[in-house]
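Spelled out from the first residue to the last, the chains are:
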6 protein chains.
Amino acid sequence: MSKLAVFPGSFDPITIGHYSIINRALPLFDKIIIAIGYNREKAGFFPIEDRIALISKLFVDHAIIEVQSYTGLTVDFCKKVEARYLIRGLRTSADFEFERSVAQVNRKLLTDVETIFFLTEPQHSFISSSIVREIISHGGDPKEFLPPGLDISDLTSQKR
Amino acid sequence: MSKLAVFPGSFDPITIGHYSIINRALPLFDKIIIAIGYNREKAGFFPIEDRIALISKLFVDHAIIEVQSYTGLTVDFCKKVEARYLIRGLRTSADFEFERSVAQVNRKLLTDVETIFFLTEPQHSFISSSIVREIISHGGDPKEFLPPGLDISDLTSQKR
Amino acid sequence: MSKLAVFPGSFDPITIGHYSIINRALPLFDKIIIAIGYNREKAGFFPIEDRIALISKLFVDHAIIEVQSYTGLTVDFCKKVEARYLIRGLRTSADFEFERSVAQVNRKLLTDVETIFFLTEPQHSFISSSIVREIISHGGDPKEFLPPGLDISDLTSQKR
Amino acid sequence: MSKLAVFPGSFDPITIGHYSIINRALPLFDKIIIAIGYNREKAGFFPIEDRIALISKLFVDHAIIEVQSYTGLTVDFCKKVEARYLIRGLRTSADFEFERSVAQVNRKLLTDVETIFFLTEPQHSFISSSIVREIISHGGDPKEFLPPGLDISDLTSQKR
Amino acid sequence: MSKLAVFPGSFDPITIGHYSIINRALPLFDKIIIAIGYNREKAGFFPIEDRIALISKLFVDHAIIEVQSYTGLTVDFCKKVEARYLIRGLRTSADFEFERSVAQVNRKLLTDVETIFFLTEPQHSFISSSIVREIISHGGDPKEFLPPGLDISDLTSQKR
Amino acid sequence: MSKLAVFPGSFDPITIGHYSIINRALPLFDKIIIAIGYNREKAGFFPIEDRIALISKLFVDHAIIEVQSYTGLTVDFCKKVEARYLIRGLRTSADFEFERSVAQVNRKLLTDVETIFFLTEPQHSFISSSIVREIISHGGDPKEFLPPGLDISDLTSQKR
């Protein structure tokens, strides 16, 4: 049986923290689906198409990484793609308590799914998509918080 | 003097975690008022009438349990009904820090009121009304997170 | 059925924080046993007899308070005295996580016992028996951290 | 080089907790700018002019305190006024984790800025601007949570 | 390259929490070494030989599980066996903060090693080896906290 | 009035985390006393003389830094040297809760003393003296966790 993991998130946008976790998770799985959750009623900061394009481009050389978007419960997406593993990163105690609840709910809803946690690297522990959005909104440069080589002009259509 | 406790919350909807706490608090008090707080400007997920009906039905055999709704400060409701105790459940550290602040504010505003904390059972520690709402919104079945015997068709008018 | 609670601890010595919790718990129970746990192999700072004498004197006017010492598991003491409630105070998140584990273990070992938590008052949130012992060891005056009216000369035989 | 600190916040309104921190920070700096951040798109509870007037009046006798408003990134405000220090208060673990992230982002964006933390006094540890606003909204009296001498009639134009 | 993970711990004794984590980690790795750390100067509760025998017996039907003991730094053991993964379980925020530090130190000392975290199941979240030892010391029965089928007579030589 | 701060600790040994905090605190004070607390009955890992020598050498070019040892309560040392400020670093929530209690006790014992907190840098957040000692004990090289330029041969007499 192939080891398929889903890394769910809004990735609005992907940060250097997400990027590091994906790279470290790579050798452990046969395939990783980066699953961009969205909500039909609540637009994100970056359009969903741009988020997909950005991440696809970042991992273009990794055949085992696939990028998809989904709406609805994460466990329903896992069922659909037949994934048994969820990948999540942990930065702080607050993260941990939140992620623990989500993982336990997911496991209650879908016994077969196991969440695997990776630690955010210390130098990325304060980075989040929302901080990147706030820096962009105020005209700052978030380059250091983005995956290496990526810069703000790659994020083509900044909303708001 | 009779031991009257108020268990305040939005109960939108009541979960198996709330249910367990009420049952464990029962022997300690002469009367418990389950007080459903609402905000005139912010509609809940379930109509307030449905929430009252649901909880009333659950505890129909317990004469010492009463269900009321209230708006405004919780301590003002306590003053009105002359309750000296507030009941709250604790799941996580984040819960604890939040509940501690609320209890300390309440005690500052109304010296006479004491908050009594019960622990959520481990197997319910990840359950919350908001998770139940999210499962319902996405078409999932929250039965395991609701009081025993209750199912989603008892929640008659699902909004949104 | 009478409402009997056990407040277990080492009370080495009792602090103003313990004292406040006992006073606030009093109206809720028919009887409270302050149960001083000790370990035959590890002597405390104050002799167990002095700790019992001190607390007994403090609550001499409260007929419903009894002071006992015990060794072994707290749940075994509860079984022996037929107590259904344990009383514990909560100061910080670290306290909470520790107390939650202890309460959950106790409930697993003795289904019938329920731990009731009271909040330490904000101005006592940094006070502990170990801080009192450290102040005494270094020749300081811990009066502000002890129950009102109590002073260090009441603690007759300071060891170490 | 003069020691200039910025104490950023929304101060909507200033609480007794903020007031205590400012008074304790005073002897450490040559000048403190109380910097009221605002968001053009999201009105606060009290108008920005009232917040400025209120704080200015409170510290009218302290020549080294200045009150300003700002919009945008806090580090950009620090650059503009050439401040090397940020002042923040810490109440709880949740506060700490949030403030740690903000301080680390600020330091990444502006190497030269150092956040200095003061502890909220225990008896103020549950007080926040949002609790004051909630009490006012419900017709309660927040006097005990405000700087001494200040009362609600000083807050001239209560919105909402 | 084969996926080899080390699950380090003192396992004094192994609990149902450890047991659950090992079973959930099994499908993800090609081989798991359960590595029992010991300290020459500090005897454990159970002799190291008994701990090894007990765990070996538990997983006798899993060819990919091996049990070893080690002393010294965990990363040195990983280097010796050429493991790239460490497995650890997470129960509480306190656990998380401790494990995060250990994992970050390990990664600093041995760049190539990645710690993979699994969540303890909610119903095991309060179980630890030290609680099992305490129950045994006081003559209680820890059966519910041990791997299924295991009982206290399997722990042949209880010290102390 | 001169701004005198005490940075108390066991510094057994000083780490790169301590070193960074001292350097960042330097511009804020007129004088900083690095105060090495010791306990007559409990020997440290490194002799107190070596700890003093090591830190003195590190800051030989900073006339405003002085190194002293002390025993007894930290506030008594502050009184003796007439310091109004204590400096402490914060890494994690667990640190924060511990340091908050200590600072509040100190302030209760000596109204005039204020603890000023600096944040440990993210890349040092997992470093502690005890981890350095453990690495040394097991024959590892702790160089990356020590102040720059310092190496293990500078720590002349390793005990244990």
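Since the model is a prediction, treat every value here as computed from it, not as a measurement.

Overview of the overall build of chain A
Right, so step 1: The secondary structure content of chain A amounts to 5 helices and 5 strands.
Right, so step 2: Helices and strands in chain A line up, N terminus first, as β-α-β-α-β-α-β-α-β-α.
Right, so step 3: At 15 Å, chain A has a C-alpha radius of gyration in line with the 15 Å of a compact globule built from 160 residues.
Right, so step 4: For the C-alpha atoms alone, the extent of chain A along its principal axes is close to 45 × 35 × 35 Å.
Right, so step 5: Relative to its 160 residues, chain A shows a buried fraction of 57%.
Right, so step 6: Considering only contacts within chain A whose residues lie at least 6 apart along the sequence, 77% involve residues at least 24 apart.
Right, so step 7: A total accessible area of about 6900 Å² is found for chain A, and carbon and sulfur atoms account for 49% of it.

So, the confidence of the model for chain A
Right, so step 1: Of all residues in chain A, 94% attain a pLDDT of 70 or more, and the chain-wide mean is 93.
Right, so step 2: Predicted complex metrics record ipTM = 0.93 and pTM = 0.94.

Some details on the relation of the copies chain A and chain E
Right, so step 1: Aligned on chain E, chain A shows an RMSD of 0.0 Å; the corresponding rotation is 180 degrees and the shift along the axis is 0.0 Å. As the rotation angle and translation indicate, the two copies are arranged about a two-fold axis.
Right, so step 2: Interface residue correspondence from chain A to chain E reaches 100%, placing this contact among same-surface, isologous pairings.

Quick look at helix 3 (residues 74-81) of chain D
Residues and elements named next belong to chain D.
Right, so step 1: For helix 3, the full list of buried residues reads Thr74, Val75, Phe77, Cys78 and Val81. Taken down its axis, helix 3 places every buried residue within 155 degrees of arc, on the same side.
Right, so step 2: Its buried side turned inward, helix 3 meets strand 1 (4-9), strand 2 (31-37), strand 3 (65-70), strand 4 (85-90) and helix 4 (93-109).
Right, so step 3: Positive phi appears at Glu82, one or two residues downstream of helix 3, with a value of about 60 degrees.

Considerations on the relation of the copies chain C and chain E
Right, so step 1: With an RMSD of 0.0 Å, the operation that places chain C on chain E is a rotation of 120 degrees combined with a shift of 0.0 Å along the axis. Expressed as an axis order, the relation between the two copies is that of a three-fold axis. Of every C-alpha in chain C, the one belonging to C:Ala94 sits nearest the axis of rotation, 4.2 Å from it.

A look at the packing of helix 4 (residues 93-109) of chain A against helix 4 (residues 93-109) of chain E
Right, so step 1: Direction vectors running N to C along helix 4 of chain A and helix 4 of chain E enclose 125 degrees, while the axes themselves pass 9 Å from each other. Here helix 4 of chain A lies oblique to helix 4 of chain E, going by the angle between them. For the pair helix 4 of chain A and helix 4 of chain E, the crossing hand works out as right-handed. Residues A:Ser93, A:Phe96 and A:Glu97 of helix 4 of chain A form the contact with helix 4 of chain E, whose own contacting residues are E:Ser93, E:Phe96 and E:Glu97.
Right, so step 2: A breakdown of the residues in the contact of helix 4 of chain A with helix 4 of chain E according to their chemical character gives 2 nonpolar, 2 polar and 2 charged.

Re the interface of chain A and chain E
Right, so step 1: Counting residues at the interface gives 27 residues for chain A and 27 residues for chain E.
Right, so step 2: Interface of chain A and chain E: buried area, both sides summed, is about 2400 Å²; carbon and sulfur atoms make up 59% of it.
Right, so step 3: On the chain A side of the interface with chain E, the three residues burying the most area are A:Leu28, A:Phe96 and A:Leu119, jointly 25% of the side's total.
Right, so step 4: For the interface between chain A and chain E, the tally reads 9 residue pairs in polar contact (both at pLDDT 80 or more).
Right, so step 5: Elements represented by at least two residues in the side of chain A that touches chain E include exactly strand 4 (85-90), helix 4 and strand 5 (114-119) of chain A.
Right, so step 6: With 7 residues, the single largest contributor to the side of chain A that touches chain E is helix 4 of chain A.
Right, so step 7: Per-class residue counts for the side of chain A that touches chain E are 12 nonpolar, 5 polar and 10 charged.

Thoughts on the side chain of D:Ser93
Right, so step 1: Assignment of secondary structure puts D:Ser93 in helix 4.
Right, so step 2: Here F:Glu97 takes part through its side chain, which lies 2.7 Å from a polar atom of the side chain of D:Ser93.
Right, so step 3: Residues contacting D:Ser93, with those up to four places away along its chain left out, are B:Glu97, C:Ser93, F:Ser93, F:Phe96 and F:Glu97.

Describing unusual backbone geometry
Right, so step 1: A cis amide bond, omega 5 degrees, links B:Asp12 with the succeeding residue B:Pro13.
Right, so step 2: In the Ramachandran plot, A:Glu82 falls in the positive-phi region, its phi being about 60 degrees despite a non-glycine side chain.
Right, so step 3: Relative to the helices and strands, A:Glu82 is located in the loop between helix 3 (74-81) and strand 4.
Right, so step 4: A residue is classified by how much of its surface remains accessible, and A:Glu82, at 68% relative accessible area, is exposed.

Thoughts on the interface of chain C and chain E
Right, so step 1: Taken residue by residue, the interface counts 9 residues in chain C and 13 residues in chain E.
Right, so step 2: Taking both sides of the interface into account, the surface hidden between chain C and chain E amounts to around 1000 Å²; carbon and sulfur atoms contribute 66%.
Right, so step 3: In terms of surface lost to chain E, no three residues of chain C exceed C:Leu73, C:Glu97 and C:Lys108, which account for 46% of the buried area on that side.
Right, so step 4: Here C:Lys108 makes a salt bridge to E:Glu144, at a shortest N to O gap of 3.9 Å.
Right, so step 5: Linking chain C with chain E are 3 residue pairs in polar contact (both at pLDDT 80 or more), by the criterion used here.
Right, so step 6: Of the residues contributing to the side of chain C that touches chain E, the split by class is 3 nonpolar, 3 polar and 3 charged.

Details of the pattern of salt bridges
Right, so step 1: Summed over all chains, the structure comprises 54 salt bridges over all chains.
Right, so step 2: Among the ionic contacts, a cluster of salt bridges with common partners joins A:Arg24, E:Arg107 and E:Glu114.

Considering the nonpolar core
Across soluble globular proteins, nonpolar side chains show a tendency to be buried alongside one another.
Right, so step 1: Counting 73 residues, the largest nonpolar core has B:Phe29, B:Ile32, B:Ile87, C:Phe29, C:Ile32 and C:Ile87 as its most contacted members.
Right, so step 2: Among the elements that take part in this core, helix 1 (residues 16-25) of chain C stands out by supplying 5 residues, more than any other.
Right, so step 3: Setting aside residues no more than four positions away along its own chain, B:Ile87 makes contact with B:Ala5, B:Val6, B:Phe7, B:Pro8, B:Ile21, B:Ala25, B:Phe29, B:Ile32, B:Ile116 and B:Phe118.

A closer look at the packing of aromatic side chains
Right, so step 1: Counted according to the given criterion, the structure contains 39 aromatic pairs over all chains.
Right, so step 2: Ring geometry for B:Phe96 against C:Phe96: centres 5.6 Å apart, planes inclined by 0 degrees, an arrangement best described as stacked. With one member in each of two chains, B:Phe96 in helix 4 (residues 93-109) and C:Phe96 in helix 4 (residues 93-109) form a pair that bridges those chains. Both residues of the pair, B:Phe96 and C:Phe96, belong to the buried class.

Structural notes on the environment of E:Thr74
Residue and element names in this part refer to chain E.
Right, so step 1: Here Thr74 is to be found in helix 3 (residues 74-81).
Right, so step 2: Taking the C-alpha atoms as reference points, Thr74 and Phe46, 28 residues apart in sequence, are found 21 Å from one another.
Right, so step 3: Not counting chain neighbours up to four residues away, the residues in contact with Thr74 comprise Pro8 and Leu86.
Right, so step 4: In this structure the side chain of Thr74 is engaged in a polar contact, spanning 2.8 Å, whose partner is the side chain of Tyr70.

Focus: the pairing of strand 4 of chain D
All names here are of chain D.
Right, so step 1: Within strand 4, 5 of the 6 residues are buried, which leaves it mostly tucked inside the rest of the structure.
Right, so step 2: Where strand 1 meets strand 4, 2 bridges bridge the pair, whose relative direction is parallel. Bridge pairing in strand 4 places Val6 opposite Leu86.
Right, so step 3: Across 6 bridges, strand 4 lies against strand 5 (residues 114-119) in parallel orientation. Looking across to strand 5, one finds that Leu90 is bridged to Leu119.
Right, so step 4: With respect to chirality, the unit in which strand 4 leads through helix 4 into the neighbouring parallel strand 5 is right-handed.

Considering the pairing of strand 5 of chain A
Right, so step 1: For strand 5 of chain A, the tally of buried residues reaches 6 of 6 residues, placing the bulk of the element in the interior.
Right, so step 2: What you see with strand 5 of chain A is no split at all: A:Glu114, A:Ile116 and A:Phe118 on one side and A:Thr115, A:Phe117 and A:Leu119 on the other are buried throughout.

Overview of the environment of D:Cys78
Residue and element names in this part refer to chain D.
Right, so step 1: Position of Cys78 among the secondary structure elements: in helix 3.
Right, so step 2: Take Cys78: its relative accessible area is 0%, and that puts it in the buried class.
Right, so step 3: For the pair Cys78 and Asp112, spaced 34 residues apart in sequence, the C-alpha to C-alpha distance is 9.7 Å.

Scoring rules and cut-offs
- Residues numbered from 1 in each chain as written.
- Chains lettered and ligands numbered in written order.
- Predicted model: local features only at pLDDT ≥ 70, side-chain atom pairs only at ≥ 80, totals over all residues.
- Heavy atoms only, no water.
- Helix = DSSP H or I, 4+ residues; strand = E, 2+ residues; numbered from the N terminus.
- Rg over C-alpha atoms; globule rule 2.2 N^0.38 Å.
- Buried < 20%, exposed > 50% of the residue type's maximum accessible area, 1.4 Å probe, protein only.
- Contact = heavy atoms within 4.5 Å.
- Areas by Shrake-Rupley, 256 points an atom, 1.4 Å probe, with all protein chains shown as cover.
- pLDDT = per-residue confidence, 0-100.
- Least-squares fit on C-alpha atoms with pLDDT ≥ 70 in both.
- Arc of directions from axis to C-beta.
- Axes fitted to C-alpha atoms, helices over the stretch in contact; angles between N-to-C directions.
- Parallel < 35°, antiparallel > 145°, perpendicular 65-115°, else oblique.
- Left-handed = near helix turned anticlockwise from the far one by under 90°.
- Nonpolar A, V, L, I, M, F, W, Y, C, P; charged D, E, K, R; others polar.
- Buried area = accessible area lost by both parts, 1.4 Å probe.
- Polar contact = N/O pair within 3.5 Å; in protein donor to acceptor, adjacent residues only side chain to side chain.
- Salt bridge = Lys/Arg side-chain N within 4 Å of Asp/Glu carboxyl O.
- Core = buried A, V, L, I, M, F, W, Y, C linked by side-chain atoms within 4.5 Å.
- Phe/Tyr/Trp six-rings, centres within 6.5 Å; stacked < 30°, edge-to-face > 60°.
- Pairing = 2+ DSSP bridges.
- Right-handed = clockwise from strand over helix to strand, strands pointing away.

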